[in-house]
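# Analysis of the macromolecular model
So you can see what is in the structure, the chains are spelled out below.
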Amino acid sequence: MTGMLFLSEVESAALVTEELAYRAVREALIVASRPGSTIFPPVHAHGHDPADTFTIKSGSTREAAGLKIGSYWPGNDTLNLPRHGTTILLIDQDTGRISAVVEASKVNAYRTAAADAVATDALATAGADTLTIFGSGHQAFYECVALARIRSLDAINVVARNPDRGHALVAALRERGLPASLTAAEKACREADIIVTATNAREPLFAAEWVSPGTHVSSMGADAKGKQELPIALLAGSGLYCDLPSQSVRIGEFQHVADLVDDNRIKVSAIGDVLCGAKPGRVTDAEITIFDSSGIALQDLYIARALLAVTAEAAG
């Protein structure tokens, strides 16, 4: 190792694209489902003020090892700083030293949305053209933009708890040329071919009976114990997929049916197995499919490698 590499937030934000994120995250999800990859249990911690929280996710493959630190500091609003922060550390597997540090707060939004896009591309019906997004926060915009790359969307229904933020999201999406409108939850669900939840909810956001046959659902917000976005009744009769089954049933959306998974009454498949052809994915056009994204470190490590590769190529 010749020295530690460093990408600042400004540099990584300038380099990341939806295409780069999609390729890197797709590779990471496939690798995660193969033997020889290790993903360690996440560590949840907080600062002196328990409201200031951070999570450490780590993992290793033959190609990459390291960790991602994701922070959430709600008081940053008063400092005119983002609440969320992300830093990725890559480890040189020959020496154990840090080989690269990548500040990746904006990159993290692309990375999370890319996981949704990869899974939705594999599981949604080919003609899916109506998207419903629950949530109007920072992540919701990136989810919609990423999905618009893999499906031609005729409508985006925004369901927002805060109308002002909902209208702001609609305006931002329309500026990107996307057909967004603020919509009531039940109407939005019944019209949707794709439903995405990107919230911090701790109880279901909608009723199971509102979801039409053939819909694909991505739960992007459940990444800690107690979080929940989807009704349990919906999980019981759907095809269930996630980034990492062992993690999903601990801290992801599927924690709420963990006993059924343990008893083999419900099957949960890694999306990587679908991507590489080991499992079939959607069986019929009428099936409801669900993807749970609790977030794994390999997504961060592989997108960091992709960014560093772009930097190296530009440097000649």
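These remarks concern the structure in this document. Sequence order as written defines the numbering, with residues in each chain counted from 1. Two thresholds apply to this predicted model, a pLDDT of at least 70 for residue-level local features and 80 or more for giving and counting side-chain atom pairs, whereas whole-chain, interface and lining totals are computed over all residues. Each side-chain value is worked out from all heavy atoms of the structure, with water and hydrogens disregarded.

### Digging into the overall build of the chain
Starting at the N terminus, helices and strands are each numbered in turn, a helix being any DSSP run of H or I of at least four residues and a strand any DSSP run of E of at least two. Per the secondary structure count, the chain includes 11 helices and 15 strands. Taken over C-alpha atoms, the radius of gyration is set against a globule rule of 2.2 Å times the number of residues to the power 0.38. Taken against the 2.2 N^0.38 rule, which gives 20 Å for 316 residues, the C-alpha radius of gyration of the chain at 19 Å falls within 12% of a compact globule. Taking the principal axes of its C-alpha atoms as reference, the chain extends roughly 55 × 45 × 45 Å. The buried label goes to any residue with under 20% of its type's maximum accessible area, the exposed label to any with over 50%, and the partly exposed label to all in between, with areas taken from a 1.4 Å probe on protein chains only. Counting across all 316 residues of the chain, residues that qualify as buried make up 54%. In this description, contact between two residues means that some pair of their heavy atoms is separated by no more than 4.5 Å. When contacts within the chain are restricted to residue pairs at least 6 apart in sequence, long-range pairs at least 24 apart make up 69% of them. Note that accessible areas follow from Shrake-Rupley with a 1.4 Å probe, and for residues the cover is restricted to the protein chains shown. By element, 52% of the accessible surface of the chain is carried by carbon and sulfur atoms, the whole surface being about 14,200 Å².

### Thoughts on unusual backbone geometry
Residue Asn80 is not a glycine yet carries a positive backbone phi of 60°. Along the chain, Asn80 falls in the loop between β5 (65-72) and β6 (84-91). A residue is classified by how much of its surface remains accessible, and Asn80, at 73% relative accessible area, is exposed.

### Details of the pairing of strand β13 (residues 239-242)
Neither face of β13 is left uncovered, since the one carrying Gly239 and Tyr241 and the one carrying Leu240 and Cys242 both have all their residues buried. Across three bridges, the pairing between β13 and strand β14 (residues 268-270) is parallel. In the strand pairing of β14, Cys242 is matched with Ala270. Pairs of strands are assigned from DSSP output, requiring at least two bridges between the strands.

### Section: helix α5 (residues 163-175)
One fewer than the residue count of a helix, multiplied by 1.5 Å, yields its expected span. Along its 13 residues, α5 runs 18 Å from first to last C-alpha, staying within 8% of the 18 Å computed at 1.5 Å per residue. Those residues of α5 that fall on the buried side of the exposure criterion are Gly166, Leu169, Val170 and Leu173. Looking down the long axis of α5, one finds its buried residues gathered within 100° of arc, a one-sided arrangement. Structural note: α5 exposes Asp164 and Glu175 on the side pointing more than 90 degrees away from its buried face. The arc in question is formed by the directions pointing from the helix axis toward the C-beta atoms.

### Regarding the packing of helix α2 (residues 18-32) against helix α11 (residues 297-315)
At their nearest, the axes of α2 and α11 sit 8 Å apart, and the two run at 135° to each other. Taken together, the axes of α2 and α11 lie oblique to each other. Crossing angle aside, the handedness with which α2 passes α11 is right-handed. Only Leu298, Gln299, Tyr302, Ile303, Ala306, Leu307 and Val310 of α11 make contact with α2, whose side of the interface consists of Leu20, Ala21, Ala24, Val25, Glu27, Ala28, Leu29, Val31 and Ala32. In this classification, Asp, Glu, Lys and Arg are treated as charged, Ala, Val, Leu, Ile, Met, Phe, Trp, Tyr, Cys and Pro as nonpolar, and every other residue, Gly included, as polar. Here the residues of the contact of α2 with α11 sort into 14 nonpolar, one polar and one charged. Axis lines are fitted to C-alpha atoms, over the contacting stretch for helices. Their N-to-C directions set the angle, which ranges from 0 to 180 degrees. Oblique is the label for every angle not falling under 35 degrees (roughly parallel), over 145 degrees (roughly antiparallel), or within 65 to 115 degrees (roughly perpendicular). Left-handed is the label given to a crossing in which the near helix is rotated counterclockwise from the far helix by less than a right angle, and right-handed is the label when the rotation is clockwise.

### Focus: the sheet that holds strand β11 (residues 194-197)
Reading across from one edge, β10-β9-β8-β11-β12-β15-β13-β14 is the order of the eight strands in this open sheet, with parallel pairing throughout. On the outer flanks of this sheet lie β10 (180-182) and β14, each paired with one strand and no other. Strand after strand, the sheet turns through a mean of 20° between neighbouring axes, direction not considered. Of the strand pairs in this sheet, strand β9 (residues 155-159) and β10 are connected by three bridges, and their pairing is parallel.

### Details of helix α3 (residues 105-123)
Because an α-helix completes one turn every 3.6 residues, residues spaced three or four positions apart along the sequence face the same direction. With 19 residues, α3 extends 28 Å between its outermost C-alpha atoms, agreeing within 8% with the 27 Å of an ideal straight helix rising 1.5 Å per residue. α3 sits mainly inside the fold: 15 of its 19 residues count as buried.

### Notes on the side chain of Ser37
Structurally, Ser37 can be placed in the loop between α2 and β2 (38-39). Here a polar contact is taken to be a pair of N or O atoms separated by no more than 3.5 Å, where protein atoms must pair a possible hydrogen donor with a possible acceptor and residues adjacent in sequence count only if both atoms sit in side chains. Within the structure, Ser37 has its side chain in polar contact with the backbone oxygen of Val31 (distance 2.8 Å). If we ignore the near neighbours within four places in the chain, the residues touching Ser37 are Val31, Ala32, Ser60, Thr61 and Leu298.

### Side note on the packing of aromatic side chains
Each aromatic pair joins two rings of Phe, Tyr and Trp (for Trp, the six-membered one) with centres within 6.5 Å, and gets the label stacked for planes under 30 degrees apart, edge-to-face for over 60, and tilted for any other angle. Evaluated as defined, the whole model comprises three aromatic pairs. For the ring pair Phe141 and Tyr142, a centre distance of 5.6 Å and an interplane angle of 85° mean the geometry is edge-to-face. Since its relative accessible area comes to 14%, Tyr142 is described here as buried. Among the aromatic residues, ring-to-ring pairing joins Tyr110, Phe141 and Tyr142 into one connected group. Sitting over a ring, as applied to charges here, requires NZ of Lys or CZ of Arg to be within 6 Å of the ring centre and within 35 degrees of the ring normal. The ring of Tyr302 carries the charged tip of Arg305 above its face, separated from the ring centre by 5.2 Å.

### With respect to the environment of Ala119
Within the secondary structure, Ala119 sits in helix α3. For the pair Ala119 and Ile303, spaced 184 residues apart in the sequence, the C-alpha separation amounts to 17 Å. Ignoring any residue separated from it by four or fewer positions in sequence, one finds Ala119 in contact with Ile271 and Phe291.

### Considerations on the environment of Gly75
Relative to the helices and strands, Gly75 resides in the loop between β5 and β6. By relative accessible area, which is 39% here, Gly75 ends up partly exposed. Counting along the chain gives 24 residues from Gly75 to Ala51, while the straight-line C-alpha distance between them is 8.7 Å.

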